[in-house]
Amino acid sequence: LATSVADERSLFRVMVEQADEAAMGEDIATAPFLAACQGVRDSLPLLGSATSMATADIDGNLVPVKAFYEADPAHRSTLQALFAADGVPRLHIRWLLWAMEFFATYLQKLSGGDKWAARTAYDETLTKHHNFAQRMAFKGLLLTFPSWERILGAEALCPGVQDPGKRSQAIRRDVERSVFLPLILQALRIYEASERS
């Protein structure tokens, strides 16, 4: 039984579907937002060893944020409520959002044809939050991030899809239709507003 490209799913589809579900107009639903972040985190090891440091960094921030949400999901069901809650792990939230902004920007730049997507994304996102030593360490790591062609060919990103053409099309489609970057930017605005209140 032949399948169409529309039936093929890459792991980036989780990010797409959860981001779609999280969007609520002026606010963002916490559970699907964190699931989208988890989807990004889960896809990183499949991109190669260059992302192992980033995966560990995301884990160090995603785990405490998820634990804080799960301690009282009824009262932290949106990001506005989560960010306003007493005891919110602000430092972890900040770094989680910044990391997600970097990876969503990286994927957007790659799919848009930027040969230096990792460097461009870093310069547009994380560089302003890192000190000199962090910037130097990260810039060396950026050179090892996978190219768009390598991502499109990654079998692990599209489990069960044997045809390289269908796999490439599914990954491309899921990355290009992702609303994750606009959602992350909205989450950052909500977070910054909570800092001012």
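These numbers were taken from a predicted model, which means no experiment stands behind them. Numbers given to residues run from 1 along each chain, matching the order in which its sequence is written. The model is predicted, so local features are restricted to residues of pLDDT at least 70 and side-chain atom pairs to those at 80 or more, both for listing and for counting; the totals for chains, interfaces and linings are taken over all residues. The side-chain quantities take in all heavy atoms of the structure and omit both hydrogens and water.

Before going further, it helps to spend a moment on the overall build of the protein chain. Each helix is a run of DSSP H or I of at least 4 residues and each strand a run of E of at least 2, with the numbering of both proceeding from the N terminus. On a plain count of helices and strands, the protein chain comes out with ten helices and two strands. We compute the radius of gyration over the C-alpha atoms and compare it with the globule rule, which gives 2.2 Å times the number of residues raised to the power 0.38. For the protein chain, the C-alpha radius of gyration of 17 Å lies close to 16 Å, the compact-globule estimate for 197 residues. Taken over the C-alpha atoms alone, the protein chain extends approximately 50 × 45 × 25 Å along its principal axes. Classification of the 197 residues of the protein chain by burial places 49% in the buried group. Counting only carbon and sulfur atoms, one obtains 55% of the accessible surface of the protein chain, whose full area is about 9,500 Å². We count Lys and Arg on the positive side and Asp and Glu on the negative side, and we leave His and both chain ends out. Positions of charges follow a simple convention, taking NZ of Lys, CZ of Arg, CG of Asp or CD of Glu. Side-chain charges in the protein chain split into 21 positive and 24 negative, and the spacing between the mean points of these groups amounts to 5 Å. In this scheme, a residue with accessible area under 20% of its type's maximum is buried, one over 50% is exposed, and one in between is partly exposed, where area comes from a 1.4 Å probe on protein chains only. Computed with the Shrake-Rupley method and a 1.4 Å probe, the accessible areas treat only the protein chains shown as cover for residues.

This next bit is on the environment of Pro73. With respect to the secondary-structure elements, Pro73 resides in the loop between helix 3 (52-70) and helix 4 (79-84). Accessibility expressed as a relative area gives 37% for Pro73, which makes it partly exposed. Pro73 sits 39 residues away from Leu34 along the chain, and the two C-alpha atoms are 12 Å apart.

Right, let's talk about the packing of aromatic side chains for a bit. Two aromatic rings from Phe, Tyr or Trp, using only the six-membered ring of Trp, form a pair when their centres are within 6.5 Å; if the ring planes differ by under 30 degrees the pair is stacked, by over 60 it is edge-to-face, and anything between is tilted. One pass over the structure, following the stated rule, counts nine aromatic pairs. Geometrically, the ring pair formed by Tyr106 and Phe145 is edge-to-face, given 5.3 Å between the ring centres and 90° between the ring planes. Residue Tyr106 is found in helix 5 (residues 90-111), and its partner Phe145 is found in the loop between helix 7 (132-142) and helix 8 (148-152); the two are separated by 39 residues along the sequence. Like Tyr106, the residue Phe145 is buried in the burial classification. Ring pairs connect the aromatic residues Phe102, Phe103, Tyr106, Tyr122, Phe138 and Phe145, which therefore count as one cluster. The ring of Phe68 is capped by Arg76, whose NZ or CZ atom sits 3.7 Å from the centre of that ring. Put simply, a charge is over a ring when the Lys NZ or the Arg CZ is close to the ring centre, within 6 Å, and near the line of the ring normal, within 35 degrees.

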